[in-house]
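Inside the fold
Letter by letter, the chains look like this.
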Amino acid sequence: MSSAAARLTPVAWALLFVLGLLWGGSFFFARIAVQEIPPFTLVFLRLGLAALALHIYLHGRNGTYAILATHWRAFLVMGFLNNALPHTLIFFGQTEIGAGLASILNATTPIWTVIIANQWTSDEKLTGAKLAGCAAGLVGTCILIGPSTITDTAAPLWALLLPIGAAISYGIAGTYGKRFRGIPAPVTATGQLTASSLMILPVSLVADQPWTLAAPSAHVVMAIVALALLSTALAYLIFFRVLALAGATNASLVTLLIPPSAILLGVFFLGERLEWTDIAGMAVICAGLLLLDGRILRTRTTAT
């Protein structure tokens, strides 16, 4: 993909805003559901229901089953990196931390994506602006992690590190997912969700024994449905479209838009507190992501 083709168009930006809202909501819905549903089972419900919904939506169109048969190995890899592993890490982390903090830590995804893409691709190389963006993003992450670790005794360090591990996995997945560029976005989303559902099912059965769990309450059921249909099925349709339009690094910028929506949902509906350190850390991360996008430097160069 050329440099011009990799830039975010107005259509791609609009899709990113919608995707940011949907994925921001995922932290809110997960924080509700994880109170009654164990993480592995919640991951399976999220992925399995989303995969089922997309199969119903496609009902074999666009050569779905032929593509799944020929690319099943790649879908397994993508499903593990983009769904099974990061969702599990985030959900385990959210047993101890709030939706807003989890989403902010996940906002380091572009930092890892640009580093990984520099090593694995020929069209998304690391530049000075990207390096500065990575440094700013990491500083912002340190601002967020440090105070939370010290002042919130209910949030152990491992719970703070799990969303960062998920962000690294997303970064690898974004770069790996470029190989699906020639496949329609709905088929790619269906393939990876189907693969990851089959992958996480035996883990859920062995680890959680879901048949022994009490029936979830109505609001948890609603959260699971919203998590599966809105924040997963619909969100991945949009994500793979953006990935095809703008590349891995630009697609990962969606995490810039996730924290505000997740934080506001957590504050208004979950009673979470918004600390000044959250605002400061997010501001520094946003500055880093804007540098990664390169728009500030391009504007200054044009003005000069």
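Here the structure is a predicted model, which means the values were calculated and not measured. (Residues numbered from 1 in each chain as written. Predicted model: local features only at pLDDT ≥ 70, side-chain atom pairs only at ≥ 80, totals over all residues. Heavy atoms only, no water.)

On to the overall build of the chain, then. Across its full length, the chain holds 13 helices and zero strands. Walking the chain from its N terminus toward its C terminus, one meets helices and strands in the order α-α-α-α-α-α-α-α-α-α-α-α-α. Considering the chain as a whole, with its 304 residues, one finds that 55% of them fall into the buried category. When the accessible surface of the chain is split by element, carbon and sulfur atoms take 72% of a total near 13100 Å². (Helix = DSSP H or I, 4+ residues; strand = E, 2+ residues; numbered from the N terminus. Buried < 20%, exposed > 50% of the residue type's maximum accessible area, 1.4 Å probe, protein only. Areas by Shrake-Rupley, 256 points an atom, 1.4 Å probe, with all protein chains shown as cover.)

Between helix H6 (residues 109–120) and helix H8 (residues 157–176), whose axes approach to 8 Å, the crossing angle comes to 40°. When the axes of H6 and H8 are compared, the pair comes out oblique. Every pair of crossing elements has a handedness; the one defined by H6 and H8 is right-handed. Judged by residue contacts, Thr109, Trp112, Thr113, Ile116, Ala117 and Trp120 of H6 engage Ile164, Ala167, Ile168, Tyr170, Gly171, Ile172 and Thr175 from H8. (Axes fitted to C-alpha atoms, helices over the stretch in contact; angles between N-to-C directions. Parallel < 35°, antiparallel > 145°, perpendicular 65-115°, else oblique. Left-handed = near helix turned anticlockwise from the far one by under 90°. Contact = heavy atoms within 4.5 Å.)

Turning to the side chain of Asp208, a few remarks are in order. In this fold, Asp208 is placed in helix H9 (residues 185–208). A distance of 3.4 Å separates a polar atom in the side chain of Asp208 from the backbone nitrogen of Phe40. (Polar contact = N/O pair within 3.5 Å; in protein donor to acceptor, adjacent residues only side chain to side chain.)

Counting residues in each nonpolar core, the largest one holds 70 residues, and the members touching the most others are Trp23, Leu42, Tyr236, Phe239 and Phe240. Broken down by secondary-structure element, the contributors of at least two residues to this core are helix H1 (10–33), helix H2 (39–58), helix H3 (64–70), helix H4 (72–93), helix H5 (99–106), H8, H9 and helix H10 (218–252). For this core, the leading source of residues is H10, giving 16 residues. Every residue in contact with Phe240, bar those within four places of it in the chain, is listed here: Met78, Asn82, Ala185, Thr188, Ala189 and Gln192. (Core = buried A, V, L, I, M, F, W, Y, C linked by side-chain atoms within 4.5 Å.)

Phi angles above zero are rare outside glycine, and His59 is one such case at about 35°. Tracing the backbone shows His59 in the loop between H2 and H3. Residue His59 is classed as exposed on the basis of its relative accessible area, which comes to 56%. The backbone of Asn62 sits at a positive phi, close to 60°, despite the residue not being glycine. Take Asn62: it is sitting in the loop between H2 and H3. We classify Asn62 as partly exposed; its relative accessible area is 45%.

At a minimum axis separation of 6 Å, H6 and H10 run at an interaxial angle of 130°. In terms of orientation, H6 lies oblique with respect to H10. Contacts between H6 and H10 involve Thr109, Pro110, Thr113, Val114 and Ala117 on the former and, on the latter, Ala248, Thr249 and Ser252. Residues belonging to the contact of H6 with H10 are distributed by class as follows: four nonpolar, four polar and no charged. (Nonpolar A, V, L, I, M, F, W, Y, C, P; charged D, E, K, R; others polar.)

Across all of its chains, the model carries ten aromatic pairs by this definition. Geometrically, the ring pair formed by Trp13 and Phe17 is tilted, given 6.1 Å between the ring centres and 40° between the ring planes. Separated by four residues within a single helix, Trp13 and Phe17 lie in helix H1, roughly one turn from each other. Here Phe239 and Phe240 contribute two aromatic rings whose centre-to-centre distance is 5.2 Å and whose plane-to-plane angle is 75°, an arrangement assigned as edge-to-face. For Phe239, a relative accessible area of 8% puts it in the buried group. A relative accessible area of 5% means that Phe240 is categorised as buried. One aromatic cluster is present, formed by Trp23, Tyr236, Phe239 and Phe240 through successive ring pairs. Seen from the ring of Tyr57, Arg61 lies directly overhead, with NZ or CZ sitting 5.0 Å from the centre. (Phe/Tyr/Trp six-rings, centres within 6.5 Å; stacked < 30°, edge-to-face > 60°. Lys NZ or Arg CZ within 6 Å of the ring centre and 35° of its normal.)

In this model, H2 (20 residues) spans 28 Å end to end at C-alpha, consistent with the 28 Å of a helix rising 1.5 Å per residue. Those residues of H2 lying buried are Pro39, Phe40, Thr41, Leu42, Val43, Arg46, Leu47, Gly48, Ala50, Ala51, Leu54 and Leu58. Its buried side turned inward, H2 meets H1, H3, H4, H9 and H10. Positive phi shows up at His59, right after H2, with a value of about 35°. (Expected span 1.5 Å × (residues − 1).)

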